Amino acid sequence: MRELHTGIAIREALTLAMEMDERVFVAGEGVGVSIHDNPIMPTHGLLEQFGERRVKDTPVSEAAIAGLAVGASNMGLLPVVEIMFFPFITLASDMLVNHAAKLRYLSGGKSGFPLTVRVKAGMGFQAGCQHSHNLEAWMAHAPGLKVTFASTPADAKGLLLSAIFDPDPVIVVEEMGLYFMQGEVPDGDVRVPLGKARTVRPGMDATVVAYGGAVYAALAAAETLQEEGVSLEVIDLRTLVPLDKDAVLESLGRTGRLVTVHDANKFCGFGAELAAIAAEEGFASLKAPVRRVAAPNTPVPFTPPQEQFYKPGAEDIVQAVRSIL
Amino acid sequence: MGTGNEAAVRLKMLNKMILVRRFENQITELAAEQGRLPGMQILATGQEAAVGVVLALRTEDVIVTNHRSHAHLLAKGADPRALMAEIMGKETGVNHGKSGTLHLIVPEVNALMTSTVVGASPPLAAGAAFAQQYTGSDAITAVFFGDGAAAEGSVHEAMNLAGVWKLPLLFVCENNCWAGAQSFDVHCSTGNIASRAVSYGMPGELVNGNDTDEVYETASRLSARCREGGGPALMELATYRMRGHGEYDRQHYVDPAEIEEWAARDPILLYRERLIEAGVATAEQIDAMDEEAGRIVAEALRFAEDSPYPAPEAALDHVWAEAGAKIY
Ligand SMILES: Cc1ncc(C[n+]2csc(CCOP(=O)(O)OP(=O)(O)O)c2C)c(N)n1
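So, a few notes on the structure that sits alongside this text. Model, not experiment: these values are computed from the prediction. (Residues numbered from 1 in each chain as written. Chains lettered and ligands numbered in written order. Predicted model: local features only at pLDDT ≥ 70, side-chain atom pairs only at ≥ 80, totals over all residues. Heavy atoms only, no water.)

**Some remarks on the site of the ligand**
What counts is decided by this rule: Note on terminology: near, applied to a residue and a molecule or strand, indicates that one of the residue's heavy atoms is within 4 Å of it. Distance and chemistry together define a polar contact, namely a pair of N or O atoms within 3.5 Å, with one atom able to donate a hydrogen and the other to accept it when in protein, and with adjacent residues in sequence counting only for side-chain atoms on both sides. Areas reported as accessible are Shrake-Rupley estimates using a 1.4 Å probe. Residue values count occlusion only from the protein chains shown. Residues are sorted three ways: Asp, Glu, Lys and Arg are charged, Ala, Val, Leu, Ile, Met, Phe, Trp, Tyr, Cys and Pro are nonpolar, and all the rest, Gly among them, are polar.
Taken together, the neighbourhood of the ligand is formed by 21 residues, with Glu62 of chain A together with His67, Arg68, Gly148 and Trp178 of chain B sitting nearest. Looking at what sits near the ligand, you find residues from chains A and B. Take Ala149 of chain B: an N or O atom from its main chain is 2.8 Å from an oxygen atom of the ligand. In isolation the ligand has 580 Å² of accessible area, and contact with the protein removes 96% of it. Here the shell around the ligand is composed, by residue class, of 8 nonpolar, 8 polar and 5 charged.

This is the structure we're talking about:
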């Protein structure tokens, strides 16, 4: 298999989808002509390949971008729109939360909104809290939206393909730091189903559930703990909604211990949902309290030493696991 | 146009513009040296005549700005040392390293709020102007935003509210021909922003944004009108972004001839020549001014580099007011 950067794997999904289905179009700020002329960026070269009819540079208008997707998908197109940085999804949130998520329900199931929102996320590049803020739990909280969060190039491609051809609105979170990571990616229309977690590393003593870049922190923690004779199982959720609850509960059933990890704030973060599921449905398996590893309850700081302090790392996971062994 | 301004104001404007250029050139230099500056660096090089808006305001007047803020802040009197330190993420920075270059907030000089969320500044400014109206103050607010921002719904909503409530708010659109990699004509259907003022019942004026006197005179006139209860006004500065969206932007999508053409209209060069011709200053005086600005910037850099980073754990500070603090 070929090794591709995540950014290029995402472009492969976009290209394939556009080739396969005339209804697919791409829109957003700078998805055609971009200040980034880096060939690793996902939308690089799409304009040249598909032209202005199908690759639409929009004004700086997040509400209009999201509304465009809702209206066009209702008419039978398959929009793939981009929100430049995760925090700016708040400007699109009326269209996404009150409309994309609810209009099927409001129509009594008569209407459909098969749209995809690609949103660029991440921290670690000192952009400050108006550019860095992981809001996946907000999106997951709105019934009617699906949410994916890939950690590998293959998953980024496969999940995006599933999202584009899924009949519901899907928020596809792309962690920008991972654009530049390489990995094996299958050729062609190989999809990763929504709602199917992946066991990244099998283990016996505790389960770590993560998604996105946090998966790599979990793997690093597993290496460290292995030297101490502790065996960690690492699960990558890949999709938050629909959630692969069975995979989490099955693993917990074997290990008896659960640690959740994400870069978003801890309070009301996605880890809280996982912990609640463990308490409600996996209580009999629990040999120790659930631990949540997440960012502190502050906005993302700008200055490098604070940004590093803020982002949960392998050491935080190691300590959390040790505290429940 | 422009000859009516007093010599002292004109000299002060040139002085501020020169300081801004020196300050930003220093950032360009640092940004080019990998690792010396964290984050992205967004400059207003070529747009310095906007200082004319700030100098048309009074000390008690408020400004609200955006990601391209250095000229506005330095003109309003922000300390170059604390600005440089903030840009470097240091404890001595205006915002203790929490903001960095994108959200510089300097309330002590009434540079009240900054948002890097494009289009967010005008509604914030409407709130500030409302407070001024509410308390019976005769201070006003000026808000800076880009031509790209004018596409955001929030900007229309702020203009409408300011129009119906007659808020003392001067909308200042710096049209630098680009929004990211999108040229003005591909994101705006009407050819200018100023004409939108009609829809909100306020005056709208399009000025040469590289002519400092014209900027100053228009801002003086429109802000006087706001101050006297005439309601909001909109001015659009036709200008140009000389250094790309940010320092990482190689402007591969821009015709170099366009940049050259605007370089010939450099607001600082034009103003320098005009002031010499008008006998307001000699070339020697202006050169001395430039050297002094260089010293100020060098000192700011030294101060910033000598300052420590804030403690990592201080990442947790400033989310809430002090424990136990009460409004009353
Ligand atoms: C709501 C929002 N969307 C997108 C961005 C990314 N972004 C930052 S600056 C910019 C272009 C803004 O253009 P303009 O308002 O003309 O200001 P200029 O940079 O030209 O001064 C964009 C799209 C953002 N910061 N905020």
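**Here's the deal with the pattern of salt bridges**
Here is the rule: Salt bridges are identified by distance alone: a Lys or Arg side-chain nitrogen within 4 Å of an Asp or Glu carboxyl oxygen. Numbered from the N terminus, helices here are DSSP runs of H or I no shorter than four residues, and strands are runs of E no shorter than two. Three exposure classes are used, based on accessible area relative to the maximum for each residue type with a 1.4 Å probe and protein chains only: buried under 20%, partly exposed in between, and exposed over 50%.
Per the stated rule, a full pass over the model turns up 44 salt bridges over all chains. With a closest N to O distance of 2.9 Å, Glu12 of chain A and Arg2 of chain A form a salt bridge. Of the two residues, Glu12 of chain A is situated in helix H1 (residues 6-20) and Arg2 of chain A in strand S1 (residues 2-5); the sequence distance between them amounts to 10 residues. A salt bridge links Arg241 of chain B to Asp249 of chain B; the nearest nitrogen and oxygen atoms lie 3.7 Å apart. Across the pair, Asp249 of chain B and Arg241 of chain B agree in class, each one buried. Taken together, the salt bridges that share partners define one network made up of Arg2, Glu12, Lys157 and Asp187 of chain A.

**Looking at the interface of chain A and chain B**
This is how the line gets drawn: Between two residues, a contact is recorded if the distance between any of their heavy atoms is within 4.5 Å. Summed over both partners, the accessible surface that disappears when two parts come together, traced with a 1.4 Å probe, is what is meant by buried area.
The interface is formed by 31 residues belonging to chain A together with 41 residues belonging to chain B. For the pair chain A and chain B, the two sides together bury roughly 2800 Å², of which 66% comes from carbon and sulfur. There are 1 salt bridge connecting chain A and chain B. Put simply, Asp37 of chain A and Arg250 of chain B hold a salt bridge, and the shortest N to O gap is 2.8 Å. At the boundary of chain A and chain B, one finds 11 residue pairs in polar contact (both at pLDDT 80 or more). Sorting elements by how many residues they give to the side of chain A that touches chain B places helix H11 (residues 304-310) of chain A first, with 4 residues. Its residues assigned to classes, the side of chain A that touches chain B comprises 16 nonpolar, 12 polar and 3 charged.

**Description of unusual backbone geometry**
With omega at -5°, the peptide bond leading from Val241 of chain A into Pro242 of chain A counts as cis. As for its position among the elements, Pro242 of chain A is in the loop between strand S12 (239-241) and helix H9 (245-255). The phi dihedral of Gln126 of chain A is positive, around 50°, even though this residue is not glycine. Residue position: Gln126 of chain A is located in the loop between strand S5 (116-121) and helix H6 (136-141). The phi dihedral of Asn110 of chain B is positive, around 65°, even though this residue is not glycine.

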